[in-house]
Amino acid sequence: MSGRLAGKRAVVTAAAAGIGRAIALAFAAEGADVLATDIDDEGLATLGGGGVLRVHALNVTDPDAVRALFAAEPAFDILVNAAGRVDGGTILECSDTVWEAAFDLNVRSMHRMIAAALPGMLAAGRGSIINIGSVASSLKGVTNRYVYSTTKAAVIGLTKAVAVDFVAQGIRCNVICPGTVDTPSLGGRIAASADPEAARRDFVARQPMGRFGTAQEIAHLALYLASDEAAFTSGAVHVIDGAWSA
């Protein structure tokens, strides 16, 4: 198959819905052999599977499962870390349990996936790692996003550390920092609010463009970073937020 990613193998986490799903589909459409992973078996099943897009149930917070996946697969050229969770509240509402769970999924899972993927990439002398961060991080203070913003700031540091450690060995590592994106996750948080219609209006009102971003728009950026077109790009923070953080 031809395409910008023809001949490349990619693994994408949180691929059953939202940003991860859009990235997996975009990569497959451009010729990559994509392994779409998630804990959501039903969501993965709707991707179809087969051909250049295969599915695999994976809990990225399970170290043994992560190691087993990479032990069973040939080396990947591309890794996209899209798994994450959004916790609301200030520091006064963040228990130790919430803190640990947020860091385990938002940061430690990326550590696990990168550590497992890197040996194969290093052996091949090439690789593109793309982490999904957020402008709610070290880039912008957002109310009631204390632990979420803290974890996403850590993702930026993790990305830069990996980038500088392995740049001479052909590995690129970048982070995409979206603003507010219209995904099932966002829809669920809005629906769970006391007044969903007012919550949606408030979310839209804070967007300079007057709309949410789309998962497909994030996928377009990920596609560029995964491709050889971005061969000189590593260690960079790629903000895509409709000027929310400008």
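Refer to the structure printed above.
Note that the structure is predicted; figures quoted are calculated from it, not measured.

**Describing the packing of aromatic side chains**
By the definition in use, this model includes three aromatic pairs. With a centroid separation of 4.7 Å and an interplanar angle of 35°, the aromatic rings of W99 and F103 are classed as tilted. Linking W99 with F103, this pair stays in helix 4 (residues 96–124), spanning four residues, or about one helical turn. One aromatic cluster in this structure is built from W99, F103 and Y146.

**Describing the environment of F27**
Following the sequence through the fold, F27 ends up in helix 1 (residues 18–29). Given a relative accessible area of 0%, F27 falls into the buried group. Measuring from C-alpha to C-alpha, the distance between F27 and G3 comes to 9.1 Å, with 24 residues separating the pair along the chain. Leaving out residues up to four positions away in the same chain, F27 has contacts with L5, A10, V12, A32, V34, I78, V80, I130, A222, L223 and A226.

**What about helix 7 (residues 196–205)?**
Every buried residue of helix 7 is listed here: A198, A199 and F203. The buried residues of helix 7 occupy an angular sector of 135° when projected down its axis, which confines them to one face. Exposed side of helix 7, more than 90 degrees from the buried face: E197, R201 and A205 are the residues found there. Along its buried surface, helix 7 packs onto helix 6 (184–191).

**Overview of the sheet that holds strand 9 (residues 237–240)**
Reading across from one edge, 3-2-1-4-5-6-9 is the order of the seven strands in this open sheet, with parallel pairing throughout. Here the strands that pair on one side only, and so sit at the sheet edges, are strand 3 (53–57) and strand 9. Shown here is a sheet whose adjacent strand axes are inclined to one another by a mean of 20°, direction ignored. Sheet analysis places strand 2 (residues 33–38) next to strand 3, joined by five bridges and oriented parallel. Among the inter-strand pairings, D38 is bridged to a residue of strand 3, identified as A57. Together, strand 1 (9–12), strand 2, strand 3, strand 4 (78–81), strand 5 (127–132) and strand 6 (171–178) form the strand contacts of helix 1, whose direction differs from that of strand 1 by roughly 170°.

**Notes on the nonpolar core**
Ranked by size, the top nonpolar core spans 37 residues in total, and within it V11, F70, L79, M113, I114 and I129 carry the most contacts. Of all the secondary structure elements, the ones that give two or more residues to this core are helix 3 (63–72), helix 4, helix 5 (146–166) and strand 6. No other element matches the ten residues that helix 4 contributes to this core. Those residues in contact with I129 that lie beyond four places of it in its chain are L79, N81, I114, L118, M121, V162, I171, R172, C173 and N174.

**Notes on helix 8 (residues 215–226)**
The first and last C-alpha atoms of helix 8 sit 16 Å apart over twelve residues, in line with the 16 Å expected at 1.5 Å per residue. Looking only at helix 8, the buried set comprises A215, I218, A219, L221, A222, L223, L225 and A226.

**Some thoughts on the pattern of salt bridges**
On inspection of all chains with the given rule, the structure shows twelve salt bridges. For the salt bridge of R126 with D77, the shortest nitrogen-to-oxygen distance reads 3.0 Å. Of the two residues, R126 is situated in the loop between helix 4 and strand 5 and D77 in the loop between helix 3 and strand 4; the sequence distance between them amounts to 49 residues. Since its relative accessible area comes to 9%, D77 is described here as buried. Residues joined in a network through salt bridges with shared partners are R9, D33, R54 and E73.

**Description of unusual backbone geometry**
The backbone of N144 sits at a positive phi, close to 60°, despite the residue not being glycine. Inspection of the secondary structure puts N144 in the loop between strand 5 and helix 5. Take N144: its relative accessible area is 41%, and that puts it in the partly exposed class. Positive phi, close to 70°, is recorded for A243, a residue that is not glycine. Note on placement: A243 falls in the segment after strand 9. A relative accessible area of 42% means that A243 is categorised as partly exposed.

Basis of the calculations
- Residues numbered from 1 in each chain as written.
- Predicted model: local features only at pLDDT ≥ 70, side-chain atom pairs only at ≥ 80, totals over all residues.
- Heavy atoms only, no water.
- Phe/Tyr/Trp six-rings, centres within 6.5 Å; stacked < 30°, edge-to-face > 60°.
- Helix = DSSP H or I, 4+ residues; strand = E, 2+ residues; numbered from the N terminus.
- Buried < 20%, exposed > 50% of the residue type's maximum accessible area, 1.4 Å probe, protein only.
- Contact = heavy atoms within 4.5 Å.
- Arc of directions from axis to C-beta.
- Pairing = 2+ DSSP bridges.
- Axes fitted to C-alpha atoms, helices over the stretch in contact; angles between N-to-C directions.
- Core = buried A, V, L, I, M, F, W, Y, C linked by side-chain atoms within 4.5 Å.
- Expected span 1.5 Å × (residues − 1).
- Salt bridge = Lys/Arg side-chain N within 4 Å of Asp/Glu carboxyl O.

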